[in-house]
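# Coordinate inspection notes
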Amino acid sequence: MTVTETARHVSISTEGACVDFPIFDAKSRSLKKTVAGLVGGNIDSGAKVPIIEALKDITLHLEHGARVGLVGHNGAGKSTLLRLLSGIYEPTRGRAAINGRVAPVFDLGVGMDPEISGLENIMIRGLFLGMTRKQMESRVDDIADFTELGDFLRMPLRTYSTGMRVRLALGVVTSIDPEILLLDEGIGAVDAAFLEKSKKRLSELVERSGLLVFASHSDEFLRELCDTALWMEHGQIKQQGPLEDVLRAYKGAGG
Ligand SMILES: Nc1ncnc2c1ncn2[C@@H]1O[C@H](COP(=O)(O)OP(=O)(O)OP(=O)(O)O)[C@@H](O)[C@H]1O
């Protein structure tokens, strides 16, 4: 597919989209005692079954070229929004339309098999992220070099430390060519030197991708990858605009 064709159709639109989670085994007494805090989505305890309103009335239009950072307190709805934008969650109400091939990178370890080797996992993970076998075959050597895992690449993944797994996953993720890249920060486990090395590859990945939405608690990372931002609070969009404006407002509000 040519760049122009990609540019023409890559987009995400949502209209009044809501995502609710009914909780069937909640303890009603302790819920009544709950005081409203900054953290988490809204809980509607009026109904028979309490409902967590993780996302409420999300109206959003993102086009090719968008580089959007997601900020907000714990439980504000960032991960749920990424899942809605990826098509993993259908809106409970409202609508969401996604045009383009999505690479959801929420959990770096997802799609990894502990019983097969690092090299085999590189292949499997690449296919899961929408690449073809041929594309992965031409990239596997480069990924293997990047991870610096050497002979461990022939060992089963279950023998890896957490940081080693993240190296492998980051190697694969940063080698793909996604139309829509949805990224949840999960890279804390690698050592500082490797993180520095990953930044360049991450930036290049973002440049190659048609549209980026990146949920992160790190200003530094957001500045590196995004130019606009969306501030989520209690499942709603509190502010959307240029990255620095949104960061300033969010920090000013105690974020
Ligand atoms: N599978 C689920 N079942 C029930 N409630 C959920 C589920 N997933 C998310 N929630 C609720 O939805 C709200 C939003 O959660 P979400 O994970 O989207 O927040 P977040 O902004 O990504 O938080 P964090 O920064 O802590 O990762 C929270 O109140 C959470 O309790």
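The chain is annotated in an unreviewed UniProt entry as ABC-2 type transport system ATP-binding protein from Klenkia brasiliensis. Its UniProt record gives the chain a comment under Sequence similarities (unreviewed entry), which states: "Belongs to the ABC transporter superfamily."

Attention now moves to the overall build of the chain. Tallying secondary structure elements over the chain gives nine helices and ten strands in all. Taken over 255 residues, the chain has a buried fraction of 46%. Counted over contacts in the chain with a minimum sequence separation of 6, partners at least 24 positions apart contribute 72%. On the chain, roughly 12700 Å² of surface is accessible, and the fraction owed to carbon and sulfur atoms is 53%.

The next point concerns helix α9 (residues 243-252). What α9 keeps buried is the set L243, V246, L247 and Y250. Looking straight down α9, one finds that the buried residues subtend no more than 100° of arc, so they occupy a single side. Of the exposed residues in α9, those oriented more than 90 degrees away from the buried face are R248 and G252. Check the buried side of α9 and you find it contacts β4 (67-71), α8 (219-225), β9 (228-233) and β10 (236-242). G254 occupies a position one or two residues after α9 and carries a positive phi of about 95°.

The next thing to look at is the packing of helix α4 (residues 118-128) against helix α5 (residues 133-147). α5 packs onto α4 with a crossing angle of 135° between their chain directions and a minimal axis gap of 10 Å. As summarised for this structure, α4 and α5 are arranged oblique, according to the angle between their axes. With respect to the hand of their crossing, α4 and α5 are arranged in right-handed fashion. Between α4 and α5, the residues in contact are L119, I122, M123, G126 and L127 and R133, M136, E137, V140, I143 and A144, respectively. Partitioning the contact of α4 with α5 into residue classes produces eight nonpolar, one polar and two charged.

Another aspect to go through is unusual backbone geometry. Glycine aside, negative phi is the norm for most residues, and most peptide bonds take the trans geometry. Even without being a glycine, E148 presents a positive backbone phi close to 55°. Relative to the assigned elements, E148 resides in the loop between α5 and α6 (162-173). For H234, which is not glycine, the phi dihedral falls at a positive 45°. Inspection of the secondary structure puts H234 in the loop between β9 and β10.

Taken together, 15 residues lie around the ligand, and G41, G75, K78, S79 and T80 are the ones closest in. A distance of 3.1 Å is found between an oxygen atom of the ligand and a backbone nitrogen or oxygen belonging to A76. At 2.9 Å from an oxygen atom of the ligand is found a main-chain nitrogen or oxygen belonging to G77. Here the ligand, which alone exposes 640 Å², has 66% of that area covered by the protein. Those elements that place two or more of their residues in the shell around the ligand are β3 (51-63) and α3 (78-86). The dominant element in the shell around the ligand, judged by the number of residues it contributes, is α3, at three residues.

Here is what the cut-offs are and how they apply
- Residues numbered from 1 in each chain as written.
- Predicted model: local features only at pLDDT ≥ 70, side-chain atom pairs only at ≥ 80, totals over all residues.
- Heavy atoms only, no water.
- UniProt positions renumbered as here; feature names shortened; annotations may be inferred.
- Helix = DSSP H or I, 4+ residues; strand = E, 2+ residues; numbered from the N terminus.
- Buried < 20%, exposed > 50% of the residue type's maximum accessible area, 1.4 Å probe, protein only.
- Contact = heavy atoms within 4.5 Å.
- Areas by Shrake-Rupley, 256 points an atom, 1.4 Å probe, with all protein chains shown as cover.
- Arc of directions from axis to C-beta.
- Axes fitted to C-alpha atoms, helices over the stretch in contact; angles between N-to-C directions.
- Parallel < 35°, antiparallel > 145°, perpendicular 65-115°, else oblique.
- Left-handed = near helix turned anticlockwise from the far one by under 90°.
- Nonpolar A, V, L, I, M, F, W, Y, C, P; charged D, E, K, R; others polar.
- Near = heavy atom within 4 Å.
- Polar contact = N/O pair within 3.5 Å; in protein donor to acceptor, adjacent residues only side chain to side chain.

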